[in-house]
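Reading the structure
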Amino acid sequence: MKNKFKGMGVALITPFKQDNSVDFESLGKLIDYQIKNGADYMVVCGTTAETPTLSSAERQAVIDFAKDRIAGRVPIVLGLGGNNTMAIVESLKNDDFSGIDAILSVVPYYNKPSQEGIYQHYKTISENSKVPVILYNVPGRTGVNMTAETTLRIARECPNVVAIKEASGNINQMNDIIKNKPKDFMVISGDDGITFPLITMGAVGVISVIGNAFPAEFSKMVRLALNGDYESARQIHHEFTELFDLLFVDGNPAGVKCMLSMMGYIENKLRLPLVPTRITTMEKMKLILDKLNAKY
């Protein structure tokens, strides 16, 4: 279990065709590209996949397709969260989790639960999950921050909870978790831009957006950092710093979809309420992409 979620996991996008349907052919090519170039595991139907815009039938079709295409080559983490605890429990009881190695479950959004409410939510999920649970703290999206104290309480009291994807942006909070966590509990970066410093502090890797487009380079940086070669890892980190900002300036996954479209992997299509990146962002990305292509 310990090594399954170490390294670079990729938060898979969902490619769409111009008619708004799911582009399974492009999804298959993307999965192969990422595994061939060093992705350690895949996150299916997470935030980056625009999952809220998929119908339940489409979501299931994406999961089934991903399981078939990945075919056991790397572990699969399934996004399964929400702000209705009992609806998640129903899914945990009734859905098929064969081929799924863990679930990634986001802190409940919109409801703004208290820390006790967050704890009880995850305790209930943990008690009903057949597979390990990875917490996901992303207050910029959910409207509420899960404190280090709550994370550590869950880590200590819910043995089925094995890790947290931390995207609070609060380095002190992340350091507190890393410093005081149970030995086998893993901290995973939820933000490409701070993955390198977080690994130097004791994180085990990242669930990456940029890994969709640059799996070879970014997984290399993660491996170098995990192996203690901070100088080499830092060089790659600095080469991508400007791109990190551009990928998120117009929202996620608009940035990475624009980049993948430029690289010829997908059509630059998102589902409303998300829209493609602005032309100015696209032009800046193209300059960086040309530079990176020249180097790699």
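Describing the packing of aromatic side chains
For the structure shown, the criterion picks out seven aromatic pairs. Ring plane angle 50 degrees and centroid distance 5.3 Å describe the contact between Phe24 and Phe65, whose orientation is recorded as tilted. Taken together, the positions of Phe24 in helix α1 (residues 24-36) and Phe65 in helix α2 (residues 56-70) put the pair 41 residues apart, joining distant regions of the chain. With a relative accessible area of 28%, Phe24 lands in the partly exposed category. We classify Phe65 as partly exposed; its relative accessible area is 22%. Consider the rings of Phe196 and Tyr230, whose centres lie 6.3 Å apart with planes at 75 degrees: the pair is edge-to-face. Here Tyr230 lies in helix α10 (residues 230-249) and Phe196 lies in helix α8 (residues 195-201), a separation of 34 residues in the sequence. Here the aromatic residues Phe214, Phe218, Phe240 and Phe244 are joined through ring pairs into a cluster of three or more.

Some thoughts on the sheet that holds strand β2 (residues 41-44)
Strand order around the closed barrel formed by eight strands is β1-β2-β3-β4-β5-β6-β7-β8, with parallel pairing between neighbours. The mean angle between the axes of side-by-side strands here comes to 25 degrees, regardless of whether they run parallel or antiparallel. The sheet contact formed by strand β3 (residues 76-79) and strand β4 (residues 102-106) spans three bridges and is parallel. Note on β4: the bridge partner recorded for Val77 is Ala102. In this fold helix α4 (residues 115-128) packs onto β4, β5 (133-137) and β6 (161-166), with an angle of close to 160 degrees to the strand it touches most, β4.

Section: the pairing of β4
The side chains of a regular strand alternate between the sheet's two faces. Within β4, five of the five residues are buried, which leaves the element mostly enclosed by the surrounding structure. The two faces of β4 match: Ala102, Leu104 and Val106 on one face and Ile103 and Ser105 on the other face are all buried. For β4 and β5, the ladder comprises four bridges, and the chain directions are parallel. Its bridge partner lying in β5, Ser105 is registered against Leu135. Handedness of the crossover joining β4 and β5 through α4: right-handed.

Describing the pattern of salt bridges
Per the stated rule, a full pass over the model turns up twelve salt bridges. A salt bridge links Arg271 to Glu58; the shortest N-O distance between them is 2.7 Å. Within this pair, whereas Arg271 is found in the loop between α11 (254-262) and α12 (279-295), its partner Glu58 is found in helix α2, the two being separated by 213 residues in sequence. One salt bridge connects Arg153 with Glu157, and the closest N-O pair in it is separated by 3.9 Å. With Arg153 and Glu157 both in helix α6 (residues 148-157) and four residues apart, the pair spans about one turn of that helix. Judged by its relative accessible area of 28%, Arg153 falls in the partly exposed class. A relative accessible area of 46% means that Glu157 is categorised as partly exposed. Connected via shared salt-bridge partners are Asp32, Arg69 and Arg73.

Definitions and limits used
Residues numbered from 1 in each chain as written. Predicted model: local features only at pLDDT ≥ 70, side-chain atom pairs only at ≥ 80, totals over all residues. Heavy atoms only, no water. Phe/Tyr/Trp six-rings, centres within 6.5 Å; stacked < 30°, edge-to-face > 60°. Helix = DSSP H or I, 4+ residues; strand = E, 2+ residues; numbered from the N terminus. Buried < 20%, exposed > 50% of the residue type's maximum accessible area, 1.4 Å probe, protein only. Pairing = 2+ DSSP bridges. Axes fitted to C-alpha atoms, helices over the stretch in contact; angles between N-to-C directions. Contact = heavy atoms within 4.5 Å. Right-handed = clockwise from strand over helix to strand, strands pointing away. Salt bridge = Lys/Arg side-chain N within 4 Å of Asp/Glu carboxyl O.

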